[in-house]
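# Breakdown of the fold
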Amino acid sequence: MTREAELMGLLRGIATRRGPALVHLLEQDLMIGLDEESKVRLQLLVADELLEAGLDASQEHTSYGRLLEEIIDMIGRLNQPSHPGL
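Reading guide: rules and limits
Residues numbered from 1 in each chain as written. Predicted model: local features only at pLDDT ≥ 70, side-chain atom pairs only at ≥ 80, totals over all residues. Heavy atoms only, no water. Helix = DSSP H or I, 4+ residues; strand = E, 2+ residues; numbered from the N terminus. Buried < 20%, exposed > 50% of the residue type's maximum accessible area, 1.4 Å probe, protein only. Contact = heavy atoms within 4.5 Å. Core = buried A, V, L, I, M, F, W, Y, C linked by side-chain atoms within 4.5 Å. Expected span 1.5 Å × (residues − 1). Arc of directions from axis to C-beta. Polar contact = N/O pair within 3.5 Å; in protein donor to acceptor, adjacent residues only side chain to side chain. Salt bridge = Lys/Arg side-chain N within 4 Å of Asp/Glu carboxyl O.

Another aspect to go through is the overall build of the protein. Across its full length, the protein holds four helices and zero strands. For the protein, the sequential pattern of α-helices and β-strands runs α-α-α-α. Across the 86 residues in the protein, those meeting the buried criterion constitute 35%. In the protein, the share of contacts with a sequence separation of at least 24, taken over all contacts with a separation of at least 6, comes to 56%.

In structure tokens:
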């Protein structure tokens, strides 16, 4: 499994739990053409997960938190000229 596939699997699980209405955005063709509002909505779902499950007692990122940060960054890179999609 590639790193992007792993991150997409985590993103799909988070979206299923936290924002089922957004799961349809994770289809490959839609991911390539996501508008900024949709990207932000997905990033906020992941940020909520990060705040609830990705920090340790001293507010440092856990390994899961670092994966969540990668997902947030991956979403932000979508549709940029150097990263046309997943």
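Before going further, it helps to spend a moment on the nonpolar core. The biggest cluster of nonpolar side chains holds 21 residues, and the ones touching the most others in it are Leu11, Leu26, Leu42, Val46, Ile71 and Ile75. Looking at this core, the elements with two or more residues in it are α1 (3–18), α3 (36–53) and α4 (63–77). The leading source of residues in this core is α4, at six residues.

Let us now look at α3. Between the first and last C-alpha of α3 there are 25 Å, a value that for 18 residues agrees with the 26 Å anticipated at 1.5 Å per step. Listed in full, the buried residues belonging to α3 are Ser38, Lys39, Leu42, Gln43, Leu45, Val46, Glu49 and Leu50. Take α3 and look down its axis: the buried residues cluster within an arc of 150°, on one side only. Summarising the geometry of α3, the exposed residues directed more than 90 degrees from the buried face are Glu36, Glu37, Leu44, Leu51 and Glu52. Buried residues along α3 sit against α1 and α4. Measuring from the side-chain oxygen of the N-cap residue of α3 to the backbone nitrogen of Glu37 gives 3.2 Å; that N-cap residue is Asp35.

On to the pattern of salt bridges. Per the counting criterion, the structure on display carries six salt bridges. When the shortest N-O distance is used, the salt bridge between Glu6 and Arg3 registers 3.1 Å. Highlighted residues: Glu6 and Arg3, both in helix α1, separated by three residues, approximately one helical turn. Exposure remark for Arg3: the relative accessible area of 41% places this residue in the partly exposed category. A salt bridge links Glu36 to Lys39; the shortest N-O distance between them is 3.1 Å. With a gap of three residues between them, Glu36 and Lys39 both fall in helix α3, about one helical turn apart. Among the residues examined, Glu36 registers a relative accessible area of 52% and is labelled exposed. The exposure class assigned to Lys39 is buried, which follows from its relative accessible area of 3%. One network of salt bridges, in which partners are shared, links Arg17, Arg18, Glu49 and Glu52.

Spatial relationships are all this shows, so hold off on functional conclusions.
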